[in-house]
Amino acid sequence: MSTVLARRITLSSNANQKIKTVVVLKPSSTITDRAQILDLAKNKLRIKKPQRLFLNSGRELLGEDLYSMIQSDSVVLVSSGEPFVGTVTPVVDGDSQSDDPPASVFVMADASFVDTEALNQLNRTATLPGMIRVCGYPDLCPGLRFPVGAAFLVKDRVFPELIGGDIGCGMTLYALPTLPLSTNISRVASKLHSLDSAWEGDSLAWLNYNPTATQDTANPTTTASFSNDANIRSHSLQTLGTIGAGNHFAELQTIHSLENNSLFANAFSALCSHQPEGMIYLLVHSGSRSLGKSILDSTISKYSGSNSSSGSGGGGGGSGGISFVEGTPEFMEYMTQHDFACHWARRNRELIALRFLRMVFGKMSDNVPVQGGLESIQELQEWMDSVAVKLIDIHHNNVSSLCCASVGIDDVGDAPVGGGSSRAATAQSGTSTTWVHRKGAAPSTEGIVPIPGSRGDYTYLVSPKGDQVRNAYSLPHGAGRKWTRTKANQLITEKYSKNLDSLTKTAEFGSTVICDDRNLLAEEAPDAYKNIQDVIQDISEYVDCVAIMKPILTYKFRKLE
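What counts, and at which threshold
- Residues numbered from 1 in each chain as written.
- Predicted model: local features only at pLDDT ≥ 70, side-chain atom pairs only at ≥ 80, totals over all residues.
- Heavy atoms only, no water.
- Helix = DSSP H or I, 4+ residues; strand = E, 2+ residues; numbered from the N terminus.
- Buried < 20%, exposed > 50% of the residue type's maximum accessible area, 1.4 Å probe, protein only.
- Contact = heavy atoms within 4.5 Å.
- Areas by Shrake-Rupley, 256 points an atom, 1.4 Å probe, with all protein chains shown as cover.
- Expected span 1.5 Å × (residues − 1).
- Lys, Arg positive; Asp, Glu negative; His and termini not counted.
- Salt bridge = Lys/Arg side-chain N within 4 Å of Asp/Glu carboxyl O.
- Polar contact = N/O pair within 3.5 Å; in protein donor to acceptor, adjacent residues only side chain to side chain.
- pLDDT = per-residue confidence, 0-100.
- Pairing = 2+ DSSP bridges.
- Phe/Tyr/Trp six-rings, centres within 6.5 Å; stacked < 30°, edge-to-face > 60°.

Participant: How would you summarise the overall build of the chain if you had to cite specific residues and measurements?
Facilitator: For the chain, the helix and strand inventory stands at 15 helices and 23 strands. Split into buried and exposed, the 561 residues of the chain put 55% on the buried side. For the chain, restricting intrachain contacts to residue pairs at least 6 apart in sequence, the fraction spanning at least 24 positions comes to 76%. Counting only carbon and sulfur atoms, one obtains 49% of the accessible surface of the chain, whose full area is about 23700 Å².

What follows is the structure, encoded as structure tokens:
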């Protein structure tokens, strides 16, 4: 009887392929090949419940006797139940495989920690109808149903739930040339309040006054229909100009290090007469508040029972969620609301900045900020333009279009990126539209973007380089959570049980944190977030670092006196 030799193989975690080890697979009469590999995965890779095995081609290893399927020096990926992470390659040896394999999944996280549940959620999206490419970024973390920190390329349809409820959430960065570096930050902090309560000005007038009309598809018709919708208005007009909870903030920053003066100067030519390192900057992170959530909730309620997610009509429910095929009435209805929510979110960030800076520059009567009712909206906007220069304004929860001759991902790379209108690239004869869904992902199609760490860490300004195809025309939007809010609250409260208030000063920079909500103070503690340097390292192939910013004051929430 011939001797069957042991084979050396590399076992790797499917979820995090940096975790790997070399083992020896020994033929045995007492334990199956599968059981042997799963035991090795438990002991060597510390995978608690290994279930599925894949070759690095994407082929799943089924059955118990696997010896003949695995060659020496093969790589075997071990999964806790999640689908294969990577690009599924065709099988050429005649073994059966799905005629319609999942979309390719690319995870840009070598140095950064990624939660297994986030990977599970990410991989589940790879089988959604029309999905072309799925990309998870270093800030990937679990969401309610779909992950945060990801982008998805989809053919000819949109999935509202991939975007989520905070439609239009994003960041706006301003330079403040007239605010000197010598500004007393403690004095500034004492002036800030009321950014959590309703603005007393004319919110609808602010919303309709749109000096950036070309950046969103909102138009007078859309705005007029909003103003006549008492339901949505009651949800949103009272929150226009407020930051919101969670990870939203308004933050004063300075440049810690200017990494690429040429890129900075070319992108921000409006600052040509100023020294970049000699200014203070304001970064605002917020979205559409209750408006976006009301749009998503009403969309799900209206269409979750229909059955057209894979056909030519509107919403289809099921495990993949609702989707709308391009060109249908349901698609146009959702996109009109989506586009307006993006416009609303942009104007919200601008109003937050206005209210913040009016207090910083002392434009107040007693303790009440001068409101829109005392000055025209145009006058307020003109004052804002006199003290602040808008440098960056991006959404990271939205859907926008690419137009390409075919749906293959190789062809998408040659497609021009759509302009301001997310509905502009309508399918024409012989073409299809690819819709870029972003959930917690910055666009890499609009120049320099900010990628902030926690409130106690740096913000990186990065400039995309290369064709950006593999990373789905997107980049991470921040450091991403390391711990859930519940876990962070528990661990941080225990750690700082006697001095939680010490978190109102950051450890490394000594910057000021305004947050009178003790739960939020703990949930958003720097320890609860991933290391931003790891995030930047993971995307270094796709970006050039332009500048590194450091916080000097972060506003989260202040109780009314």
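Participant: Quick rundown of helix α9 (residues 289-303)? Include the residues and the values.
Facilitator: Across its 15 residues, α9 extends 22 Å between first and last C-alpha, which sits within 8% of the 21 Å expected from 1.5 Å per residue. Of all the residues in α9, the buried ones are Leu291, Gly292, Ser294, Ile295, Leu296, Thr299 and Tyr303.

Participant: Provide a residue-level description of the side chain of aspartate 139, including the pertinent values.
Facilitator: Along the chain, aspartate 139 turns up in strand β6 (residues 131-141). Put simply, aspartate 139 is tucked away with no salt bridge, and the nearest opposite charge, on lysine 530, sits 6.4 Å away. In terms of polar contacts, aspartate 139 uses its side chain to reach the backbone amide nitrogen of glycine 478, at 3.4 Å. Residues contacting aspartate 139, with those up to four places away along its chain left out, are Val148, Gly149, Gly440, Pro476, His477, Gly478, Ala479, Gly480 and Lys530.

Participant: So what about the confidence of the model for the chain? Which residues, and what values?
Facilitator: Detailed conclusions should not be drawn from predicted coordinates in areas where pLDDT is low. Overall, the prediction assigns the chain a mean pLDDT of 83, with 81% of residues at 70 or greater. Below a pLDDT of 50 lies the segment residues 214-225, which in the model reaches 20 contacts outside its immediate sequence neighbourhood of four places, other chains included.

Participant: Let's hear about the environment of tyrosine 542: which residues, and what values?
Facilitator: Among the secondary structure elements, tyrosine 542 is positioned in the loop between α15 (532-538) and β23 (543-557). Leaving out residues up to four positions away in the same chain, tyrosine 542 has contacts with Phe106, Met108, Ser463, Pro464, Lys465, Gln468, Arg470, Asn471 and Leu475.

Participant: Account for the pairing of strand β10 (residues 249-258), with residues named and values stated.
Facilitator: Burial of β10 is extensive: 8 of the 10 residues sit out of reach of the surface. Of the pairings in the sheet, the one linking β10 to strand β11 (residues 280-286) comprises 6 bridges and is antiparallel in character. When the sheet's bridge partners are listed, threonine 254 is paired in β11 with isoleucine 280. Pairing of β10 with β23, which is carried by 8 bridges, proceeds in the antiparallel orientation. Bridge assignment links leucine 258 to a residue of β23, and that residue is alanine 547.

Participant: Got a sec to walk through the pairing of strand β15 (residues 389-395)? Specific residues and values, please.
Facilitator: Remember that side chains alternate between the two faces of the sheet whenever the strand is regular. The buried fraction of β15 amounts to 5 of the 7 residues, a majority that puts the element mostly inside the structure. Sheet analysis places strand β9 (residues 170-176) next to β15, joined by 6 bridges and oriented antiparallel. Paired with glycine 170 across the strands is histidine 395, a residue of β15.

Participant: Now, about the packing of aromatic side chains: what can you tell me, with residues and values included?
Facilitator: Counted under the stated rule, the structure contains 8 aromatic pairs. Residues phenylalanine 264 and phenylalanine 268 carry aromatic rings whose centres are separated by 4.9 Å and whose planes lie at 80° to one another, so their mutual orientation is edge-to-face. Given the relative accessible area of 3%, phenylalanine 264 is considered buried. Relative to tryptophan 383, the ring of phenylalanine 361 has its centre 6.0 Å away and its plane inclined at 80°; by these criteria the two rings are edge-to-face. Of this pair, phenylalanine 361 sits in the loop between α10 (329-360) and β13 (364-365) while tryptophan 383 sits in helix α11 (residues 377-387), and the two are 22 residues apart along the sequence. Of the residues examined, phenylalanine 361 reaches a relative accessible area of 26% and is grouped as partly exposed. Judged by its relative accessible area of 13%, tryptophan 383 falls in the buried class. Every member of this aromatic cluster is reached through a ring pair, and the members are Tyr303, Phe324 and Tyr334.

Participant: How would you sum up helix α1 (residues 33-45)? Please name residues and give values.
Facilitator: Across its 13 residues, α1 extends 17 Å between first and last C-alpha, which sits within 8% of the 18 Å expected from 1.5 Å per residue. Of all the positions in α1, only Asp33, Arg34, Gln36, Ile37, Leu38, Leu40, Ala41 and Leu45 are classed as buried. Tucked inside the fold, the buried residues of α1 contact β1 (7-13), β2 (20-25), β3 (52-55) and β4 (75-79). Count one or two residues on from α1 and you reach arginine 46, which has phi positive near 60°.

Participant: Please provide a residue-by-residue account of the pattern of salt bridges, values included.
Facilitator: Taken as a whole and assessed by the stated rule, the structure comprises 16 salt bridges. The salt bridge partner of lysine 293 is aspartate 297, with a shortest N-O separation of 2.7 Å. Here aspartate 297 and lysine 293 lie together in helix α9, a separation of 4 residues that amounts to about one turn. For aspartate 297, a relative accessible area of 38% corresponds to the partly exposed category. With a closest N to O distance of 2.6 Å, arginine 347 and glutamate 350 form a salt bridge. With arginine 347 and glutamate 350 both in helix α10 and 3 residues apart, this pair spans about one turn of that helix.

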